[in-house]
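Residue strings, one per chain:
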Amino acid sequence: MGVVKRKKKNNKGFTFEVNFTYKDNGITKRYFKGGFHTKKEALNHEIMMKAQVQEKGTIKKEVKKTFEDVYNEFLENGTLQYQQATIHNTKRYYNDFKSLCKVPIKNFNYQLLQRYFNSRSNKGIETNRCIKKAINRVLNYAIKVGYIENNPLSLVIVTGIDNHMEHEQILSENDFIRLVSALDEQNTFNYHAYSIAIQIAYYTGLRISEVLALDKDDIDMKNDIINVNKKLCYLGLKKDEFYTTHQMKSKKSRSIIPLVYPLKQSLIKWFNMNLYEKLLCDCDGYYINPNVLSSSVKKISKSLNIEFHFHMLRHTFITNLVMNAVDLKTTQELARHSNINTTMSIYTHIQEEHKKSALNNVFNKKCGQNVGIAKLENLSN
């Protein structure tokens, strides 16, 4: 039948419909779609549908799901390959992309997504990148289940304000000593545990979830090594539901790393105080909540006028390696980066900052000397 012209129900004008039969695995099927305002629209649609039959042997049913429908379906069926933190972050940014949720998934295209991210150009770029990753997971799921054929997000450019200063923050040795001493001075089991957690991160570069997952058996005092093989899962869970998993951030995250002498001495004292099998736990033997640790330590650090967040200990560790002329490959191994480009970008940044600081110190000193000389000359005149 092809394109058919029909009178509207109110007899005011005409509408056009596409109506044709096709074979799907030898079975005759009929395709119908009406409501076209012009014959040209209907003809173009007919050509597109027949081309789909010729290319794929069938016509895909139009998906009427919204992005929110697919998002919920993704959380229910499509998260097996992702780690707990990744799923948590996908949920965390839901309110940021809520304006897209009622849009039909079939209407997701480059223009829609680029306009959305352009509207967020006055927001933090790191947040915008995280939102893009969250949306990307849902769209990739939509491709897998056949709701869309390609992911337009790959073409979208994300901008925003760079508020991410974490790479520039390190804890000086003096502030590290002051902070550890202040925590120990609280003289409670929990604060001693926080002190040990900070010392482990400072001397090893372990992430907070890796530090808090350690058992005493992971510490080999005889051979001076630490076996890093698991991380703590805690997001969205109650304290008594925390557990450890061997599914690490990357294959490189699982590693045997050196146990340095200062940390070994602290751990020996801690082992005499801590009778639980967990290396780090609260006074009741439960895994420590990273959020509780961070907020408790921040109160102490603030009283000492020390800028602190736990992840800066990892950057401090890498900085100490670079500043002590540890080579790039060894730095990658000790930092347990899966990609050497990650190490190289941090390595280069630290070196450049050091050069800049050294040069400024030289010429600031000379400027100070020149100012002093000028003052003496003026006095003598």
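Residues numbered from 1 in each chain as written. Predicted model: local features only at pLDDT ≥ 70, side-chain atom pairs only at ≥ 80, totals over all residues. Heavy atoms only, no water.

**Q** When you look at the overall build of the protein in this model, what are you seeing that I'm missing?
**A** Along the backbone of the protein there are 13 helices and eight strands. Principal-axis analysis of the C-alpha atoms places the extent of the protein at approximately 100 × 75 × 40 Å. Split into buried and exposed, the 381 residues of the protein put 40% on the buried side. In the protein, of all internal contacts separated by at least 6 residues, the share reaching a separation of at least 24 is 61%. Counting only carbon and sulfur atoms, one obtains 51% of the accessible surface of the protein, whose full area is about 22500 Å². Positive and negative charge centroids in the protein, built from 57 and 37 side chains respectively, lie 11 Å apart. (Helix = DSSP H or I, 4+ residues; strand = E, 2+ residues; numbered from the N terminus. Buried < 20%, exposed > 50% of the residue type's maximum accessible area, 1.4 Å probe, protein only. Contact = heavy atoms within 4.5 Å. Areas by Shrake-Rupley, 256 points an atom, 1.4 Å probe, with all protein chains shown as cover. Lys, Arg positive; Asp, Glu negative; His and termini not counted. Charge placed at Lys NZ, Arg CZ, Asp CG, Glu CD.)

**Q** Please explain a nonpolar patch on the surface as it appears in this structure.
**A** A cluster of nonpolar side chains, contributed by Leu359, Val362 and Phe363, occupies part of the molecular surface with about 280 Å² of accessible area. In this fold, Leu359 is placed in helix H13 (residues 340-380). (Patch = residues over 30% accessible without salt bridge, like charges linked within 9 Å, V, L, I, M, F, W, Y side chains within 5 Å. Salt bridge = Lys/Arg side-chain N within 4 Å of Asp/Glu carboxyl O.)

**Q** Could you clarify how one ought to interpret helix H7 (residues 189-204) in this entry?
**A** Residues three or four positions apart in an α-helix share a direction because the helix packs 3.6 residues into each turn. Between its first and last C-alpha, H7 extends 22 Å over 16 residues, near the 22 Å set by a 1.5 Å rise per residue. With 14 of 16 residues buried, H7 lies mostly within the body of the structure. Once H7 finishes, Gly205 follows within two positions and takes phi at roughly 80 degrees, a positive value. (Expected span 1.5 Å × (residues − 1).)

**Q** Mind showing me how you'd approach the sheet that holds strand E1 (residues 2-7) here?
**A** By definition, the strands of a sheet pair up through backbone hydrogen bonds, in either a parallel or an antiparallel sense. Spatially, three strands are ordered E1-E2-E3 in an open sheet, and the strand pairing comes out antiparallel. Only two strands of the sheet have a single neighbouring strand rather than two, namely E1 and strand E3 (27-36). Between one strand axis and the next, the sheet turns through 25 degrees on average, direction left out of account. Summarising the sheet, E1 and strand E2 (residues 14-24) pair through six bridges and their orientation is antiparallel. By the bridge assignment for E2, Val4 is matched with Glu17. Of the strands in this sheet, E1, E2 and E3 touch helix H1 (residues 39-56), which is tilted by about 10 degrees from E2. (Pairing = 2+ DSSP bridges. Axes fitted to C-alpha atoms, helices over the stretch in contact; angles between N-to-C directions.)

**Q** Would you mind going over the nonpolar core with me for this structure?
**A** A general feature of soluble globular proteins is that nonpolar side chains tend to end up buried together. Grouped together as the largest cluster of nonpolar side chains are 47 residues, with contacts concentrated most on Ile198, Ile200, Val211, Leu212, Leu280, Leu293 and Phe310. Listing elements by their share of this core, those giving two or more residues are helix H6 (173-184), H7, helix H8 (208-211), strand E5 (225-228), helix H9 (261-273), helix H10 (290-303) and helix H11 (312-323). By residue number, the principal contributor to this core is H7, which donates ten residues. For Ile198, the residues in contact, after removing those within four places along its chain, are Phe176, Leu179, Val180, Leu183, Val297, Phe308, Phe310 and Leu313. In terms of nonpolar packing, the next biggest core, distinct from the first, is built from 29 residues, Leu112, Tyr116, Tyr141 and Val156 among them. (Core = buried A, V, L, I, M, F, W, Y, C linked by side-chain atoms within 4.5 Å.)

**Q** Sorry, what's going on with H10 here?
**A** The terminal C-alpha atoms of H10, which comprises 14 residues, lie 20 Å apart, in line with the 20 Å expected from a rise of 1.5 Å per residue. Regarding H10, the residues found buried are Pro290, Leu293, Ser296, Val297, Ile300 and Ser301. Summarising the axial view, the buried residues of H10 lie within an arc of 135 degrees, below the 170-degree limit, and thus occupy one face. Exposed residues on H10 whose side chains face more than 90 degrees from its buried face are Asn291, Lys299, Lys302 and Ser303. (Arc of directions from axis to C-beta.)

**Q** Where do I start with the pairing of E3 in this structure?
**A** Relative to E3, E2 is paired through eight bridges, and the arrangement is antiparallel. Looking at the pairing, Asp24 lines up with Ile27 of E3. The hairpin turn running from E2 into E3, its antiparallel successor, is two residues long, and Asn25 in that turn takes a positive phi close to 55 degrees.

**Q** Sorry, what's going on with the side chain of Thr319 here?
**A** By secondary structure assignment, the location of Thr319 is in helix H11. Looking at Thr319, its side chain comes within polar contact range of the main-chain oxygen of His315, at 2.7 Å. (Polar contact = N/O pair within 3.5 Å; in protein donor to acceptor, adjacent residues only side chain to side chain.)

**Q** Please clarify how the pattern of salt bridges should be interpreted in this entry.
**A** Opposite charge on two side chains allows them to pair when their charged atoms are near. Taken as a whole, this structure holds 16 salt bridges when the rule is applied. Here Arg178 ties to Asp175 by a salt bridge, and the two come within 2.8 Å at their closest N and O atoms. Of this pair, Arg178 and Asp175 both sit in helix H6, three residues apart, which is roughly one turn of the helix. A salt bridge links Asp215 to Lys230; its shortest N-O distance comes to 3.4 Å. Placement of Asp215 in the loop between H8 and strand E4 (219-220) and of Lys230 in the loop between E5 and strand E6 (231-233) is noted, with a sequence separation of 15 residues between them. Among the residues examined, Asp215 registers a relative accessible area of 23% and is labelled partly exposed. Given a relative accessible area of 7%, Lys230 falls into the buried group. Taken together, the shared-partner salt bridges connect Arg207, Glu210 and Arg336 into one network.

**Q** I tried to follow the packing of helix H2 (residues 67-77) against helix H3 (residues 84-92) on my own but got confused; where do I start?
**A** Think of two packed helices as two axes; the pair is described by the angle between the axes and how far apart they sit. Closest axis-to-axis distance for the H2/H3 pair is 12 Å, and the angle between their directions is 160 degrees. As judged from the angle between their axes, H2 and H3 are roughly antiparallel. Between H2 and H3 the crossing geometry is left-handed. Two secondary-structure elements touch here, H2 through Tyr71, Phe74 and Leu75 and H3 through Ile87, Thr90 and Lys91. Split into classes, the residues belonging to the contact of H2 with H3 amount to four nonpolar, one polar and one charged. (Parallel < 35°, antiparallel > 145°, perpendicular 65-115°, else oblique. Left-handed = near helix turned anticlockwise from the far one by under 90°. Nonpolar A, V, L, I, M, F, W, Y, C, P; charged D, E, K, R; others polar.)

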